[in-house]
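These are the residues of each chain, in order.
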Number of protein chains: 2
Amino acid sequence: MKYVDRQHLDDLALGAVFLATGGGGDPHLPRLIADQALKQYGPVELLPPENVADNLFVVPVGSVGAPTVSLELLPSVDEAANTVRAYEKFVGRKADAIASFEIGGGNSLVPLVAAAALGVPVIDGDGMGRAFPEAQMMSYAIAGIKPTPALAYDYAGNSAVFQTASTDVYEYHIRAFAAAAGGMVTTAEHAMTGLELRSAVIPNTLSFTVGLGRVLRRHRGPAPDMLAPLIDVFEPSIYGVCRHLFSGKVVDKSTRIIGGYDIGEAVLEDFDVPGRKLELNIKNEYLLARIGDRVLASVPDLIVTLDYETSAPINCERLRFGQRVAVFAVGCPSFYRTEAALRVTEPRCFGFDLDYVPLEELEA
Amino acid sequence: MKYVDRQHLDDLALGAVFLATGGGGDPHLPRLIADQALKQYGPVELLPPENVADNLFVVPVGSVGAPTVSLELLPSVDEAANTVRAYEKFVGRKADAIASFEIGGGNSLVPLVAAAALGVPVIDGDGMGRAFPEAQMMSYAIAGIKPTPALAYDYAGNSAVFQTASTDVYEYHIRAFAAAAGGMVTTAEHAMTGLELRSAVIPNTLSFTVGLGRVLRRHRGPAPDMLAPLIDVFEPSIYGVCRHLFSGKVVDKSTRIIGGYDIGEAVLEDFDVPGRKLELNIKNEYLLARIGDRVLASVPDLIVTLDYETSAPINCERLRFGQRVAVFAVGCPSFYRTEAALRVTEPRCFGFDLDYVPLEELEA
């Protein structure tokens, strides 16, 4: 796969909702905008990280905010490209390629919109291999790429340029700006050279996600029948293990926008065993799947809910009382099992007094 | 008065607490820093607005945040000058003179610190003639000066440059940044030419405040004896009427930091008439003084609490249960009685369903 074209967008969006692990922002509107951009500007060249020249200037661009807001706050076709243009003007250097913050959710598509309008390639890879709620959880930040100068642009054309010492301080500020701007902004940040990118990126996730989406589409149908095709896709990839955790009905779901994040939980009850309940903790994404005290999966591994009848992946913000769902878990890329990555993504980072145990070491 | 020197700082700080109408941030630390700056760099030239050349580039600088935070978050000697330097670098033009957001509280002193270090004059005047909680209430904004580009700098050296369409949107963003930065930041904003300044500034308030402070110091003593000297100072000035409203004991006081503002109220009970109570509403500053339904004074007129025994003006954030205080009111400058100014400063702007009635038309 050397180009991303309009025909790839449905599969990319479908695969991206799976990898978003419940968060990432709904890709519906970004998909429509990407379709418009590719129609207008033509296909976007896909650049594998291993082919990126050392001195290339790579600018990641995407949305920052509470996923709930992505259902209502309409981004414009120009917002992503305008963000990069304003960023280029501020730093005095043109972007040679655009990268993605996270392949999960709408941020799989936003970089395509910018790259198409600017006529530059997009990197086949991203900064998470999934979706995480905070900037310092990005592989770029973990690999030591500086977050700033970062430029944020809101729907009304207001902008802010940040200079901060570290990504976790930057996260505070960009989140406050997004909340004050109505809940969501587009940002350009964590810019880097091609040399830096190669050790900071989760590789080949854009083309992988198109393939994942194709499998989800082709095997559309009851969730129990989806496990085998998913294992076929994940087992040979950077993700590895894929498991079915639970099937049941949503009996409780509650999230609120707190400090610019969607925070809450969902409870599912087993179809067959009354009273057997799975609890899912949420901060934008699913963080933890538990039955009583037993952990079935936790961040940074991926927890995903699929509609039980169709296997369509469901965002947290669309999960509703009464829905029948199946819950799957997937191992995270090995980058996220390094000490540096776990220090900012393990369950304790979200307030859970639990050590991270890799999915394949947990009781199935 | 042609220069501001170390010998003026005590009176300036004292007068500034009076004009801060309960808010404005405690000037104690800014006074210490200004003293250090004037010791190091020498006196600062005071530039009367009527003498400012049309093409002079005037940069207002000051603190933004919740006054409570000013008691604890120590600003550095360099923060104000570094803010202006970073601003100059961003806009590509040197500041010819520094102006003050508000003469009330610590922001009467912050511009002196910057001007001393940068070797430029400070404007004799400010953007409020008192203290108000929000940027769009500044005379600069009311006169149509654009708020951005605005640069904010925090105690740790993190910075943000904002570009917004209007001052009320800017207020949202700068407030969010200040809250995320620990509660207070230093900003340079609403830059203007000398020509613009002349119709946007509340004139001569810096020298006036030094004089007010001198009177408060010389007549230090019981509050009832202070009324006559205060009338002598205010009557011939841009403020006009000055009244004693109430004397009594603080029987309730409660504020919380909400959205980056100190919000709450205080209740005073009359020394001589048990059960006769004055209620003061607070948003950083005193907004409204009422006995039951009867309004004694309201924004944009000034409401001030003085210690009953010494006549020392007291900030909201230092007002405590059991304190014995006298409450005074002073008319606002005529700039704030124009339709454009009242539209952003009248009681309704703070959620009170009341028309503004000028102090001198209210029953004494």
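Residues numbered from 1 in each chain as written. Chains lettered and ligands numbered in written order. Predicted model: local features only at pLDDT ≥ 70, side-chain atom pairs only at ≥ 80, totals over all residues.

**Section: the sheet that holds strand β11 (residues 242–258) of chain A**
Residues and elements named next belong to chain A.
Thinking step 1. Taken in spatial order, the seven strands make up an open sheet running β15-β14-β13-β12-β11-β17-β16, and their pairing is antiparallel. Two strands bound the open sheet, and with one partner strand each, they are β15 (294–298) and β16 (302–307). Within this sheet the neighbouring strands show an average axis-to-axis angle of 35°, counted without direction.
Thinking step 2. Relative to the sheet, helix α9 (residues 227–234) contacts β11 and β17 (324–330), its axis offset from that of β11 by approximately 85°. (Pairing = 2+ DSSP bridges. Helix = DSSP H or I, 4+ residues; strand = E, 2+ residues; numbered from the N terminus. Axes fitted to C-alpha atoms, helices over the stretch in contact; angles between N-to-C directions. Contact = placed C-beta atoms within 7 Å.)

**Let's talk about helix α8 (residues 205–218) of chain A**
Residue and element names in this part refer to chain A.
Thinking step 1. Its 14 residues place the ends of α8 20 Å apart at the C-alpha level, agreeing with the 20 Å of an ideal helix rising 1.5 Å per residue.
Thinking step 2. T205, L206, F208, T209, V210, L212, G213, V215 and L216 are the residues of α8 that are buried.
Thinking step 3. Of the surrounding secondary structure, the elements contacted by the buried residues of α8 are α1 (9–19), β2 (44–47), β4 (97–100), β5 (122–126), β10 (202–203) and α9. (Expected span 1.5 Å × (residues − 1). Buried ≥ 20, exposed ≤ 12 C-beta atoms within 10 Å, placed from the backbone.)

**Considerations on the pairing of β4 of chain A**
Residues and elements named next belong to chain A.
Thinking step 1. Because side chains alternate across β4, one face comprises the buried residues A97 and A99, and the other comprises I98 and S100, equally buried.
Thinking step 2. Bridging between strand β3 (residues 57–65) and β4 involves three bridges; their strand directions are parallel. The partner of P60 across the bridge, within β4, is A99.
Thinking step 3. Two elements, β4 and β5, share two bridges in a ladder whose sense is parallel. Directly across from I98, in β5, lies its bridge partner V122.

**Section: the relation of the copies chain A and chain B**
Thinking step 1. Mapping chain A onto chain B calls for a screw motion: a turn of 180° about the axis and a shift of 0.0 Å along it, with 0.0 Å RMSD after fitting. The transformation relating the two chain copies, once decomposed into turn and shift, fits a two-fold axis. (Least-squares fit on C-alpha atoms with pLDDT ≥ 70 in both.)

**Brief notes about the domain arrangement of chain A**
All names here are of chain A.
Thinking step 1. For chain A, the assigned domains read domain 1 (3–205) and domain 2 (220–354).
Thinking step 2. Relative to domain 2, the C-alpha centre of domain 1 lies at a distance of 24 Å.
Thinking step 3. On the side of domain 2, 26 residues touch domain 1, which itself brings 26 residues to the contact.
Thinking step 4. Looking at the side of domain 1 that touches domain 2, the elements with two or more residues in it are α1, α5 (139–142) and α6 (167–180).
Thinking step 5. Considering only residue class, the side of domain 1 that touches domain 2 consists of 15 nonpolar, eight polar and three charged. (Domains from an automatic or database assignment. Nonpolar A, V, L, I, M, F, W, Y, C, P; charged D, E, K, R; others polar.)

**Let's talk about the sheet that holds strand β15 (residues 294–298) of chain B**
Residue and element names in this part refer to chain B.
Thinking step 1. Taken in spatial order, the seven strands of this open sheet run β15-β14-β13-β12-β11-β17-β16, and their pairing is antiparallel. Pairing within the sheet leaves two strands with one partner each, and these edge strands are β15 and β16 (302–307). For this sheet, the mean inter-axis angle between neighbouring strands, taken without regard to orientation, is 35°.
Thinking step 2. Pairing between β16 and strand β17 (residues 324–330): six bridges, direction antiparallel. Bridged to D307 within β17 is V325.

**Re the interface of chain A and chain B**
Thinking step 1. At the junction of the two partners, chain A supplies 17 residues and chain B supplies 17 residues.
Thinking step 2. Of all the secondary-structure elements, those providing two or more residues to the side of chain A that touches chain B are β7 (159–163) and α6 of chain A.
Thinking step 3. Broken down by element, the residue count for the side of chain A that touches chain B peaks at seven residues, all from α6 of chain A.
Thinking step 4. Considered class by class, the residues forming the side of chain A that touches chain B number eleven nonpolar, six polar and no charged.
Thinking step 5. Bridge count between β7 of chain A and strand β7 (residues 159–163) of chain B: five bridges; the pairing is antiparallel. Bridging from a neighbouring strand, F162 of chain A pairs with A160 of chain B of β7 of chain B.

**Some points on the environment of P229 of chain B**
Thinking step 1. Assignment of secondary structure puts P229 of chain B in helix α9 (residues 227–234).
Thinking step 2. Separated by 38 residues in the primary sequence, P229 of chain B and A191 of chain B have C-alpha atoms spaced 36 Å apart.

**Focus on α1 of chain A**
Residues and elements named next belong to chain A.
Thinking step 1. Within α1, nine of the eleven residues are buried, which leaves the element mostly enclosed by the surrounding structure.
Thinking step 2. For α1, the full list of buried residues reads L9, L12, A13, L14, G15, A16, V17, F18 and L19.
Thinking step 3. Contact partners of the buried residues in α1: α2 (28–41), α8 and β16.
Thinking step 4. Just downstream of α1, T21 is the residue with a positive phi angle, here 50°.

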